[in-house]
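Given next are the chains, with one letter for each unit.
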Amino acid sequence: MFVAAALTAAVVTLAPVTPALAGDPALPKELEGVDIEERPGAVLPADAKLRDQAGHDVTLGSYLDGEHPVILVLAYYECPMLCSLVVNGLLQGMKDLAWTAGKEYRVVVVSIDPRDTPEAARKKRDSYVSVYGRPVAPRGWDFLVGEEAQVRRVADAVGFRYRWEEATQQYAHAAGVFVFTHEGKLSRTLYGLNYSAKDLELSLLEASQGKLASAWGRVLLFCFHYDPAENKYVLATRRLMKAGGAFTVLGLGGMLFGFWRRERRRASKSADGALA
């Protein structure tokens, strides 16, 4: 069973790089109905009713305060492999990021398994926050559970397709995290198992609509763009070339203006000398 799950997980991690998996005859049966569909601008269902690691009733809207961008992860707490790899990859990126969960942004992990309990969520949160090694403010990094209908609403909204595998008694799902604006609109989907601090920083800068951006952050946003084929932010070569061309024009213009002013001064002095 473990070998089968490992093989499925290894293949599923490749799912997000293709825009549509469902119905593809080349795909193995295990991947039918498994995908992450790009839905930029999708609205997070703020009224989705869930429970946090303390057993309190919460809605996703309670994490949208008009200030903090939100990273959403869909996983389940008894997953033998892929979910842990996704959250571990996010954790590593968060540890390398200068910003702190709960201060500059929030993280919400929602279980796709209705059998998961608040107690299981609490144990997961405790273990990850302990490794994170930083104090996390309330609502900074929560692990949630909920009824299947409510969780499906969330998954459908962001284009996260998953299915239950009866043979292995596990969920087949893709690997990725979702970055939302403080208003609850999907800003960026990051695919795969590794989320570098640079990718997290740039995606959060985008999602914050500049609120987190220093002067240098704005330069970074100009210089980089997200490439789904590479699953990361890459240098925006064309944009830099245009900027370089603009700076060249400005530089030449400045040189010509300076040359013109010097010539005017010289001509003025010559005219004054002739009058004298």
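So, here is what we can say about the structure in this document. Keep in mind the model is a prediction, meaning the values are calculated, not measured.

Turning our attention to the overall build of the chain. Of regular secondary structure, the chain possesses 7 helices and 13 strands. A total of 276 residues make up the chain; the buried ones form 46% of that total. Across the chain, every contact between residues at least 6 apart in sequence was considered, and the portion connecting residues at least 24 apart equals 69%. On the chain, roughly 14100 Å² of surface is accessible, and the fraction owed to carbon and sulfur atoms is 58%.

A few words on the pairing of strand β10 (residues 176-180). Across the 5 residues that make up β10, a large majority, 5, are buried. Both faces of β10 are covered, namely the face carrying G176, F178 and F180 and the face carrying V177 and V179. Relative to β10, strand β4 (residues 70-75) runs antiparallel, the two sharing 3 bridges. Looking at the pairing, V70 lines up with F180 of β10. Taken together, the 5 bridges between β10 and strand β11 (residues 186-191) define a ladder with antiparallel strand orientation. If you follow F180 over to β11, its bridge partner there is L186.

For the rest of this paragraph, the subject is the sheet that holds strand β6 (residues 141-144). Taken together, the 5 strands give an open sheet; going across it, the order is β6-β5-β4-β10-β11, and neighbouring strands pair in mixed fashion. The open sheet has two free edges, formed respectively by β6 and β11, since each of these has just one partner strand. Adjacent strand axes in the sheet meet at a mean angle of 20° when their direction is disregarded. Across the sheet, helix α2 (residues 82-96) lies against β4, β5 (106-111), β6 and β10, angled at about 160° from β4, the strand it touches most. Its contacts with the sheet place helix α4 (residues 148-158) against β4, β5, β10 and β11, and it is angled at close to 115° to β4.

Another aspect to go through is the packing of aromatic side chains. The relative placement of two aromatic rings is captured by the distance of their centres and the angle of their planes. Under the definition given, this model contains 10 aromatic pairs. Sitting over the ring of Y63, R139 keeps its end group 4.8 Å from the ring centre. Here the guanidinium or amino end of R152 rests over the ring plane of Y162, the centre of that ring lying 3.9 Å away.

This part covers the pattern of salt bridges. Evaluated as defined, the whole model comprises 12 salt bridges. The closest approach of N and O atoms between R125 and D142, which form a salt bridge, is 3.7 Å. Residue R125 is located in helix α3 (residues 118-132), and its partner D142 is located in strand β6; the two are separated by 17 residues in the primary sequence. Assigned by exposure class, R125 and D142 land together as buried. Between R188 and E206 there is a salt bridge; the shortest N-O distance is 3.3 Å.

With that settled, the discussion passes to α4. When we look at burial in α4, the residues that qualify are Q150, V151, V154, A155, A157 and V158. The buried residues of α4 all sit within an arc of 160° when viewed along its axis, so they share a single face. Where α4 is buried, its residues meet β2 (49-51), β4, β5, β7 (160-161), β10 and β11. Backbone geometry just downstream of α4 places G159 in the positive-phi region, at approximately 80°.

Locating S208 in the fold gives a position in the loop between α5 (197-207) and α6 (215-223). For S208, a relative accessible area of 1% puts it in the buried group. Among the polar contacts made by the side chain of S208, one reaches the main-chain carbonyl oxygen of L205 at a distance of 3.0 Å. In this view, S208 contacts P69 and H182; residues no more than four positions away in its chain are not counted.

For R139, which is not a glycine, the phi torsion comes out positive at approximately 70°. With respect to the helices, strands and loops of the structure, R139 is situated in the loop between α3 and β6. Even without being glycine, Q169 reaches a positive phi, approximately 55°. With respect to the secondary-structure elements, Q169 resides in the loop between β8 (163-165) and β9 (170-172).

Calculation rules
- Residues numbered from 1 in each chain as written.
- Predicted model: local features only at pLDDT ≥ 70, side-chain atom pairs only at ≥ 80, totals over all residues.
- Heavy atoms only, no water.
- Helix = DSSP H or I, 4+ residues; strand = E, 2+ residues; numbered from the N terminus.
- Buried < 20%, exposed > 50% of the residue type's maximum accessible area, 1.4 Å probe, protein only.
- Contact = heavy atoms within 4.5 Å.
- Areas by Shrake-Rupley, 256 points an atom, 1.4 Å probe, with all protein chains shown as cover.
- Pairing = 2+ DSSP bridges.
- Axes fitted to C-alpha atoms, helices over the stretch in contact; angles between N-to-C directions.
- Phe/Tyr/Trp six-rings, centres within 6.5 Å; stacked < 30°, edge-to-face > 60°.
- Lys NZ or Arg CZ within 6 Å of the ring centre and 35° of its normal.
- Salt bridge = Lys/Arg side-chain N within 4 Å of Asp/Glu carboxyl O.
- Arc of directions from axis to C-beta.
- Polar contact = N/O pair within 3.5 Å; in protein donor to acceptor, adjacent residues only side chain to side chain.

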